[in-house]
Amino acid sequence: MSAGVWSRLRDWAEEAWCRHVRYRELYRQLDQMRADLKARTGWMDELSEEELAEVLRGLAECIDAVQAVGGDGSDRWEGRA
């Protein structure tokens with residue numbers, strides 16, 4: 001094996017390892033976010049169908065009210081620091 005081929009192979013292996021390490025950290029962070037989300041929303045699994053429908057109706061009403069009052073809200077935040 002020539003020195004050039006060995007050098008390219010070594011560089012390829014190094015890049016692959018760096019990608020593996022970088023993605024491994026991203027997957028670890030994603031797993032942690034999933035666990036956090038599950039912990040925060042676990043109570044929803046215990047709701048009955050009626051309770052869940054009520055929560056969704058209330059959420060829809062809240063969103064509608066915010067949209068009615070705020071519009072897009074872009075003019076309200078101009079000039080605020």
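Quick notes on the rules
- Residues numbered from 1 in each chain as written.
- Predicted model: local features only at pLDDT ≥ 70, side-chain atom pairs only at ≥ 80, totals over all residues.
- Heavy atoms only, no water.
- Helix = DSSP H or I, 4+ residues; strand = E, 2+ residues; numbered from the N terminus.
- Buried < 20%, exposed > 50% of the residue type's maximum accessible area, 1.4 Å probe, protein only.
- Areas by Shrake-Rupley, 256 points an atom, 1.4 Å probe, with all protein chains shown as cover.
- Salt bridge = Lys/Arg side-chain N within 4 Å of Asp/Glu carboxyl O.
- Phe/Tyr/Trp six-rings, centres within 6.5 Å; stacked < 30°, edge-to-face > 60°.
- Lys NZ or Arg CZ within 6 Å of the ring centre and 35° of its normal.
- Patch = residues over 30% accessible without salt bridge, like charges linked within 9 Å, V, L, I, M, F, W, Y side chains within 5 Å.
- Lys, Arg positive; Asp, Glu negative; His and termini not counted.
- Charge placed at Lys NZ, Arg CZ, Asp CG, Glu CD.

Draft legend 1. Region of interest: the overall build of the protein. Check the secondary structure of the protein and you find 2 helices and 0 strands. Counting over 81 residues, the protein shows a buried share of 1%. On the protein, roughly 7700 Å² of surface is accessible, and the fraction owed to carbon and sulfur atoms is 58%.

Draft legend 2. Looking closely at the pattern of salt bridges. Throughout the structure, instances matching the rule amount to 3 salt bridges. The salt bridge involving D11 is made with R10; its shortest N-O contact spans 3.8 Å. For D11, a relative accessible area of 34% corresponds to the partly exposed category.

Draft legend 3. Representation of the packing of aromatic side chains. Tallied over the entire structure, the rule returns 0 aromatic pairs. The aromatic ring of Y23 is capped on one face by R22, whose charged end is 5.2 Å from the ring centroid.

Draft legend 4. How the structure looks around a negative patch on the surface. A surface patch of negative charge is lined by E49, E50, E51 and E54. Considering the arrangement of structural elements, one finds E54 in helix α2 (residues 49-70). E54 gets classed as exposed once you look at its relative accessible area, which sits at 53%.

Draft legend 5. Highlighting a nonpolar patch on the surface. Taken together, the side chains of Y23, L26, Y27 and L30 make up a nonpolar region of the molecular surface, amounting to roughly 400 Å² of accessible area. Position of Y23 relative to the elements: it lies in helix α1 (residues 3-41). For Y23, a relative accessible area of 40% gives the class partly exposed.

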